[in-house]
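Results of the structural survey
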Amino acid sequence: MNYIKDPWEIEKKSFEIIGKNIDESKFDKKELLIVKRVIHATADFEFANILKISKGAIEDGLKVLKEGFNIVSDTKMAEAGINKKVLEKIGSKVKSYINLPEAKDISKKCGITRSMAAMEIAAKDESNKIFAIGNAPTALFRLIELAREGKAKPSLIIGVPVGFVGAEEAKEEVKKLDIPYIITEGKKGGSTVAAAIVNALLYMIER
């Protein structure tokens, strides 16, 4: 059978196809890299319309990554999808707190989700500057609450939880914060999307 085997050629061809199926003029160069990376990860062109990037969000994200600050993920899946080789090069890390015994204890004691408990733990570490939430709307809601209480000070919120209960509403609340954001409007999102956005930022630094 005749098919493309080179992974870099596959990616190049994929991005060419994506570019032909979206209006590239709607985005600046860096925004376009993020949009294409998300579509590449999902095969869903709708993300070109629902992905929203606040002014200065990309630059702020790149700044803290270059300074070696950390990324917090709400799931192990998103953590696994983020490029560790590039993180190592820039001296950054991705952390997920959801499986910590402390998160389980807080969840049980307070009657909240482990995702919410994980945000409470993550917010205590000032080296955590990018929060990438792709699965749990409750994690995003709790992060918003912590930010409003002054207990969390993210430099960038990547808010792309997927789902029918709370996902859309949580993302709309992010817009009300005075914090740079990259979100998806509506119900679509996911850990794959969160990882794709982070990787797009990392590749901007690497290349």
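Residues numbered from 1 in each chain as written. Predicted model: local features only at pLDDT ≥ 70, side-chain atom pairs only at ≥ 80, totals over all residues. Heavy atoms only, no water.

Bringing the overall build of the chain into the picture now. On a plain count of helices and strands, the chain comes out with 11 helices and six strands. With the principal axes as the frame, the chain shows a C-alpha extent of 55 × 35 × 35 Å. Looking at the chain as a whole, 52% of its 207 residues qualify as buried. Total accessible area computed for the chain in this model is approximately 10,700 Å², and 52% of it derives from carbon and sulfur atoms. When the 35 basic and 30 acidic side-chain charges of the chain are each reduced to a single mean position, those positions are 3 Å apart. (Helix = DSSP H or I, 4+ residues; strand = E, 2+ residues; numbered from the N terminus. Buried < 20%, exposed > 50% of the residue type's maximum accessible area, 1.4 Å probe, protein only. Areas by Shrake-Rupley, 256 points an atom, 1.4 Å probe, with all protein chains shown as cover. Lys, Arg positive; Asp, Glu negative; His and termini not counted. Charge placed at Lys NZ, Arg CZ, Asp CG, Glu CD.)

Counting residues in hydrophobic clusters, the biggest one holds 40 residues, and the most contacted among them are Ile34, Val38, Ile71, Ile158, Ile197, Leu201 and Leu202. Where this core is concerned, the elements lending two or more residues are helix H2 (29-42), helix H3 (47-50), helix H4 (57-66), helix H6 (84-90), strand S4 (128-133), strand S5 (156-159) and helix H11 (191-206). (Core = buried A, V, L, I, M, F, W, Y, C linked by side-chain atoms within 4.5 Å.)

Ring pairs (aromatic) are described by centroid distance and by the angle formed between their planes. Counted according to the given criterion, the structure contains zero aromatic pairs. The positively charged end of lysine 129 is found above the aromatic ring belonging to phenylalanine 69, 5.7 Å away from the centroid. (Phe/Tyr/Trp six-rings, centres within 6.5 Å; stacked < 30°, edge-to-face > 60°. Lys NZ or Arg CZ within 6 Å of the ring centre and 35° of its normal.)

Contact pair helix H1 (residues 7-20) / H2: the axes reach a minimum separation of 10 Å and the direction vectors enclose 110°. On the basis of their axis angle, the class for H1 and H2 is roughly perpendicular. On the side of H1, the interface is formed by Glu11, Ser14, Phe15, Ile18 and Gly19, while H2 contributes Lys36, Arg37, Ile39 and His40. Class assignment for the residues of the contact of H1 with H2 results in three nonpolar, three polar and three charged. (Axes fitted to C-alpha atoms, helices over the stretch in contact; angles between N-to-C directions. Parallel < 35°, antiparallel > 145°, perpendicular 65-115°, else oblique. Contact = heavy atoms within 4.5 Å. Nonpolar A, V, L, I, M, F, W, Y, C, P; charged D, E, K, R; others polar.)

Moving on, we come to the packing of helix H7 (residues 101-110) against helix H8 (residues 114-123). The packing of two helices is summarised by the inter-axis angle and the distance between the axes. Viewed as axis vectors pointing N to C, H7 and H8 meet at an angle of 120°, and their least axial separation amounts to 8 Å. Taken together, the axes of H7 and H8 lie oblique to each other. For the pair H7 and H8, the sense of crossing is right-handed. Contacts between H7 and H8 involve Glu102, Ala103, Lys104, Ile106 and Ser107 from the first element and Arg114, Ala117, Ala118, Glu120 and Ile121 from the second. Residue composition of the contact of H7 with H8, by class: five nonpolar, one polar and four charged. (Left-handed = near helix turned anticlockwise from the far one by under 90°.)

Time to look at the side chain of serine 92. Looking at the element boundaries, serine 92 is found in the loop between H6 and strand S3 (94-96). One polar contact links the side chain of serine 92 to the main-chain carbonyl oxygen of phenylalanine 69, over a distance of 2.5 Å. Apart from residues no more than four positions distant in its own chain, serine 92 is found in contact with Leu65, Gly68, Phe69, Asn70, Ile71 and Leu87. (Polar contact = N/O pair within 3.5 Å; in protein donor to acceptor, adjacent residues only side chain to side chain.)

The residues that UniProt annotates with the feature "domain: Cobalamin biosynthesis precorrin-8X methylmutase CobH/CbiC" (unreviewed entry) are residues 9-204. End C-alpha to end C-alpha, residues 9-204 measures 19 Å, and it is 55% helix and 12% strand. (UniProt positions renumbered as here; feature names shortened; annotations may be inferred.)

Let us look at unusual backbone geometry. Within the chain, alanine 43 stands out as a residue other than glycine whose phi angle is a positive 60°. Counting through the fold element by element, alanine 43 comes out in the loop between H2 and H3. A residue is classified by how much of its surface remains accessible, and alanine 43, at 68% relative accessible area, is exposed.

Taken as a whole and judged by the stated rule, the model has 17 salt bridges. For glutamate 24, the salt bridge is made with lysine 36, and the minimal N-O distance between the two is 2.8 Å. One end of the pair, glutamate 24, is in the loop between H1 and H2; the other, lysine 36, is in helix H2, with 12 residues separating them in the sequence. Between glutamate 168 and lysine 187 there is a salt bridge, with the nearest N and O atoms lying 3.4 Å from each other. Pair noted here: glutamate 168 is in helix H10 (residues 167-174) and lysine 187 is in the loop between strand S6 (181-184) and H11, with a separation of 19 residues, a long-range link. (Salt bridge = Lys/Arg side-chain N within 4 Å of Asp/Glu carboxyl O.)

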